[in-house]
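Residue-level structure breakdown
Letter by letter, the chains look like this.
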Amino acid sequence: ANTVIFFYSDQGVHYGEHRWGSALDVPAAVQKQTLYEPVVRVPLLAHGPGFEPGTTDVAVTQCDITATVSHVTRATPSHELDGTDLRLIIAAPDHFADRALLLQAATIFTPAPSYDAVCTGPDHPSLPSLKFARLATGDVELYDLAADPGELVNLADDGSRAGQRAALEQQLAVLLGS
């Protein structure tokens, strides 16, 4: 009655996608720093008070788990938290359909470049299932995750996507606080 259990992974691994993976002698520590879906999207299971049975496709981050634990335990954080209590997301997933998530990685091991990225969910009203990334190398990547779940076609230079790219660049700037 008073215990919440979370089961999740901090990140996934590659099995050769995007030329990353142990089969290609790329160390696991490097694989964990990419922006691609096999690493970014991992399942999350939550059980306890406030978590009714069911599923949602609303994307969440580890920051949301921190916010949830803080709220469940009635802790007072020393600073404002970035995340949202998962119970709020589960109770009203449509309210979070336009949520954009910040994904970041700092280079610790080469050859993975640092990046800042923003990703939207499938139900986002104006930017559904898109991911935009700005890499430390200066490169940019834009993927339509609904049409290209393998992230094989970079649409960053596609003129017909200029409006979406600009909107995602703006959203990324907001999330970075710049």
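Structure: see above.
Computed from a predicted model, the values in this text were never measured in an experiment. (Residues numbered from 1 in each chain as written. Predicted model: local features only at pLDDT ≥ 70, side-chain atom pairs only at ≥ 80, totals over all residues. Heavy atoms only, no water.)

**Digging into the overall build of the chain**
Rules: Runs of H or I in DSSP of at least four residues are treated as helices and runs of E of at least two as strands, each being numbered from the N terminus. Contact criterion: two residues are considered in contact whenever any of their non-hydrogen atoms come within 4.5 Å of each other. Reported accessibility uses the Shrake-Rupley method at a 1.4 Å probe radius. Residues are deemed covered only where the shown protein chains occlude them.
Counting its secondary structure elements, the chain contains five helices and six strands. When its helices and strands are written in sequence order, the chain yields β-α-α-β-α-α-β-β-β-β-α. Of all intrachain contacts in the chain linking residues separated by at least 6 positions in sequence, the fraction that spans at least 24 positions is 51%. Put simply, the chain shows about 10,500 Å² of open surface, and 54% of that area lies on carbon and sulfur atoms.

**Here we look at helix H3 (residues 62-72)**
For clarity, the threshold we go by: Residue exposure (1.4 Å probe, protein chains only): buried if accessible area is under 20% of the type maximum, exposed if over 50%, otherwise partly exposed.
The complete set of buried residues in H3 reads Asp-64, Ile-65, Ala-67, Thr-68 and Ser-70. If you follow the buried residues of H3, they end up packed against strand S1 (5-8), strand S2 (44-47) and helix H4 (86-91). Phi turns positive one or two residues past the end of H3, at Arg-74, with a value near 60 degrees.

**Comments concerning the sheet that holds strand S5 (residues 130-135)**
This is how it is decided: Any two strands between which DSSP finds at least two bridges are classified as paired. In this description, a line fitted to the C-alpha atoms serves as the axis of each element, helices being fitted only across the stretch in contact, and the angle between N-to-C directions of two axes falls anywhere from 0 to 180 degrees.
Strand order in the open sheet formed by four strands is S3-S4-S5-S6, and the pairing between neighbours is antiparallel. Every interior strand has two partners, whereas the edge strands, strand S3 (100-105) and strand S6 (140-144), have only one. In this sheet, neighbouring strand axes are inclined to one another by 15 degrees on average, regardless of whether the strands run parallel or antiparallel. Here five bridges tie S5 to S6, and the two strands are oriented antiparallel to one another. Within S6, the position partnered with Arg-134 by the bridge is Val-140.

**Section: the packing of aromatic side chains**
Just so we agree on the cut-off: Aromatic contacts are taken between Phe, Tyr and Trp rings whose centres are within 6.5 Å, Trp giving its six-membered ring; a plane angle under 30 degrees counts as stacked, one over 60 as edge-to-face, and the others as tilted.
Scanning the entire structure with this criterion turns up one aromatic pair. Each ring, one from Phe-6 and one from Phe-51, has its centre 6.1 Å from the other, and the planes form 85 degrees; the classification is edge-to-face. Of the two residues, Phe-6 sits in strand S1 while Phe-51 sits in the loop between S2 and H3, which places them 45 residues apart along the sequence. Owing to a relative accessible area of 8%, Phe-51 belongs among the buried residues under this scheme.

**A short note on the side chain of His-124**
The cut-off we apply is this: Pairs of N or O atoms are called polar contacts if they sit within 3.5 Å, as long as, within protein, a hydrogen donor faces a hydrogen acceptor (for residues adjacent in sequence, only side-chain-to-side-chain pairs).
Residue position: His-124 is located in the loop between strand S4 (115-120) and S5. By relative accessible area, His-124 is classed as buried at 10%. Polar side-chain contacts of His-124 include one of 3.2 Å to the backbone oxygen of Asp-98. Residues in contact with His-124, not counting those within four places in the same chain, are Ala-97, Asp-98 and Arg-99.

**Observations regarding the environment of Ala-59**
When you line up the elements, Ala-59 lands in the loop between S2 and H3. Residues Ala-59 and Phe-96 lie 37 residues apart in sequence; the distance between their C-alpha atoms is 9.0 Å. Sequence-distant contacts of Ala-59, defined by excluding residues within four places in its chain, comprise Arg-41, Arg-99 and Leu-101.

**Observations concerning helix H5 (residues 162-176)**
Selection rule: In this scheme, a helix's expected span is set at 1.5 Å multiplied by one less than its residue total. Directions drawn from the helix axis to the C-beta atoms are what define this arc.
Relative to the 21 Å expected for 15 residues at 1.5 Å per residue, H5 spans 21 Å between its end C-alpha atoms, a close match to the ideal helical length. Here H5 has its buried residues at Arg-165, Leu-168 and Leu-172. Taken around the axis of H5, the buried residues stretch over an arc of 65 degrees, which confines them to a single face. Exposed and facing more than 90 degrees away from the buried side of H5 are Gly-163, Gln-170 and Val-174. Of the surrounding secondary structure, the elements contacted by the buried residues of H5 are S3, S4, S5 and S6. Taken from the residues just after H5, Gly-177 is the one with a positive phi, measuring 75 degrees.

Spatial relationships are all this shows, so hold off on functional conclusions.
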